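Single-letter residue listing:
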Amino acid sequence: MLLKTYGQDLRLQQTRHIVECLRQKGLIIYPTDTVYAVGTALSNIQSLDKLAQIKLHGKKDLSYTLLCRDISDLSRYTTPLGNSLFRFMKSHVPGPFTFVLNANNEVPRLFQGKKKTIGIRIPDHPVVQQILEAFGEPLLSTSLDAPEDEPEYLTDPELIHERYNKHVDLVIDGGMGKIQYSTVLDCTGEEITLIRQGIGIL
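Read on for an overview of the structure. (Residues numbered from 1 in each chain as written. Predicted model: local features only at pLDDT ≥ 70, side-chain atom pairs only at ≥ 80, totals over all residues. Heavy atoms only, no water.)

## A closer look at the environment of Asp-156
Phase 1: Summarising the element assignment, Asp-156 is placed in the loop between helix H6 (152–155) and helix H7 (157–164).
Phase 2: When the C-alpha positions of Asp-156 and Ser-182 are compared, they lie 18 Å apart, and in sequence the two are 26 residues distant.
Phase 3: A polar atom in the side chain of Asp-156 sits 2.9 Å from the backbone nitrogen of Glu-158. (Helix = DSSP H or I, 4+ residues; strand = E, 2+ residues; numbered from the N terminus. Polar contact = N/O pair within 3.5 Å; in protein donor to acceptor, adjacent residues only side chain to side chain.)

Right, here's the structure in full:
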């Protein structure tokens with residue numbers, strides 16, 4: 001199903017439909033402040049295989065990010081942040097950054113393994129912010145991929161729906177997306193290091 005927003009905020013009925021889809025363990029594709037992403041409720045950890053199939057990677061090779069509403073959500077999934085790291089992150093969110101942080105004991109339990117780090121995103125996009133606000137928990141998310149010679153499959157929601165509608169429950173049309181990915185920063189050590197340069201500029 002393709003849900004159109006016509007470049008506006010989600011209507012109440014649309015928001016309710018998305019939240020119900022997530023509560024029923026559905027997979028959704030949605031706009032972010034970078035490329036479109038695919039995700040599901042964090043409690044729907046059983047969908048890791050489906051997400052992996054969409055990305056055409058093996059389950060072990062696929063990196064997942066938690067999309068959070070704001071920085072206050074982090075304490076549920078990460079070890080305590082130092083004051084300097086907290087100030088740095090607060091000055092860069094919401095925005096096109098993924099922060100790799102040390103995970104607390106909750107994350108290995110969720111992922112049924114020994115995952116010691118977790119990627120955190122607080123996206124600056126009204127549609128996904130509305131979803132996170134209404135749903136009340138982070139989304140387990142991964143960016144869509146597309147061949148380099150077919151970037152329209154990252155940006156055009158009509159084509160995204162055409163390509164993925166058999167694999168997900170809902171595609172949210174938030175208008176044309178961007179082609180750049182987020183900037184990924186490793187925040188697990190004493191110094192913040194760049195993993196991937198994306199659209200976010202420090």
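Structure's up, so let's keep going.
## Description of the environment of Asp-173
Phase 1: Note on placement: Asp-173 falls in strand S8 (residues 170–173).
Phase 2: On the basis of relative accessibility, which here comes to 9%, the residue Asp-173 falls in the buried class.
Phase 3: For the pair Asp-173 and Leu-3, spaced 170 residues apart in sequence, the C-alpha separation works out to 5.8 Å. (Buried < 20%, exposed > 50% of the residue type's maximum accessible area, 1.4 Å probe, protein only.)

## A word on the environment of Leu-27
Phase 1: Mapped onto the fold, Leu-27 is located in the loop between helix H1 (12–23) and strand S2 (28–30).
Phase 2: As a C-alpha pair, Leu-27 and Leu-51 span 24 residues in sequence and 8.3 Å in three-dimensional space.
Phase 3: Excluding anything up to four places from it in sequence, Leu-27 contacts Gly-39, Thr-40, Ser-47, Lys-50, Leu-51, Ile-54, His-167, Val-168, Asp-169 and Leu-170. (Contact = heavy atoms within 4.5 Å.)

## Some remarks on unusual backbone geometry
Phase 1: For the peptide bond that leads from Val-93 to Pro-94, omega is -5 degrees, which places it in the cis range.
Phase 2: Tracing the chain through its elements places Pro-94 in the loop between helix H3 (83–90) and strand S5 (97–102).
Phase 3: The phi angle at Lys-25 is positive, at roughly 65 degrees, despite the residue not being glycine.
Phase 4: Here Lys-25 shows up in the loop between H1 and S2.

## A closer look at the pairing of strand S3 (residues 37–41)
Phase 1: Of all the 5 residues making up S3, 5 are buried; the element is thus mostly covered by neighbouring parts of the structure.
Phase 2: Pairing between S2 and S3: 3 bridges, direction antiparallel. Bridge pairing in S3 links Ile-29 to Val-38.
Phase 3: Joining the antiparallel neighbours S2 and S3 is a turn of 6 residues.
Phase 4: Direction of pairing for S3 relative to strand S7 (residues 139–143): antiparallel, over a ladder of 5 bridges. (Pairing = 2+ DSSP bridges.)

## A look at H7
Phase 1: Looking only at H7, the buried set comprises Pro-157, Ile-160 and Tyr-164. Projected down its long axis, H7 shows its buried positions confined to an angular sector of 55 degrees, all on one face.
Phase 2: Its side-chain oxygen placed 2.9 Å from the backbone nitrogen of Glu-158, Asp-156 serves as the N-cap of H7. (Arc of directions from axis to C-beta.)

## Re the pattern of salt bridges
Phase 1: What the rule picks out here adds up to 5 salt bridges.
Phase 2: When the shortest N-O distance is used, the salt bridge between Arg-121 and Asp-33 registers 2.8 Å. Taken together, the residues span a long stretch of sequence, with Arg-121 in strand S6 (residues 117–121) and Asp-33 in the loop between S2 and S3 at a distance of 88 residues. The same class applies to Arg-121 as to Asp-33, namely buried.
Phase 3: Put simply, Glu-133 and Arg-69 hold a salt bridge, and the shortest N to O gap is 3.6 Å. Of this pair, Glu-133 sits in helix H5 (residues 126–135) while Arg-69 sits in the loop between strand S4 (65–67) and H3, placing them 64 residues apart in sequence.
Phase 4: Here Arg-69 falls in the partly exposed class, since its relative accessible area comes to 30%.
Phase 5: Overlapping salt bridges bring together Lys-4, Glu-158 and Asp-173 as one network. (Salt bridge = Lys/Arg side-chain N within 4 Å of Asp/Glu carboxyl O.)

## Topic: the sheet that holds S3
Phase 1: The strand order across the open sheet formed by 10 strands is S1-S8-S2-S3-S7-S4-S6-S5-S9-S10, and the pairing between neighbours is mixed. Looking at strand neighbours, the two that pair on one side only are strand S1 (2–4) and strand S10 (193–196), the edges of this open sheet. The mean inter-strand angle of the sheet, taken between neighbouring strand axes irrespective of direction, is 30 degrees.
Phase 2: Contacts from H5 reach S2, S3, S4, S7 and S8 within the one sheet, and its direction differs from that of S7 by about 155 degrees. (Axes fitted to C-alpha atoms, helices over the stretch in contact; angles between N-to-C directions.)

## Overview of the side chain of Thr-155
Phase 1: Relative to the elements of secondary structure, Thr-155 occurs in helix H6.
Phase 2: The buried category is assigned to Thr-155, whose relative accessible area is 11%.
Phase 3: Excluding its chain neighbours within four sequence positions, the residues that come into contact with Thr-155 are Tyr-36, Ile-160, Gly-175, Met-176, Gly-177, Lys-178 and Ile-179.

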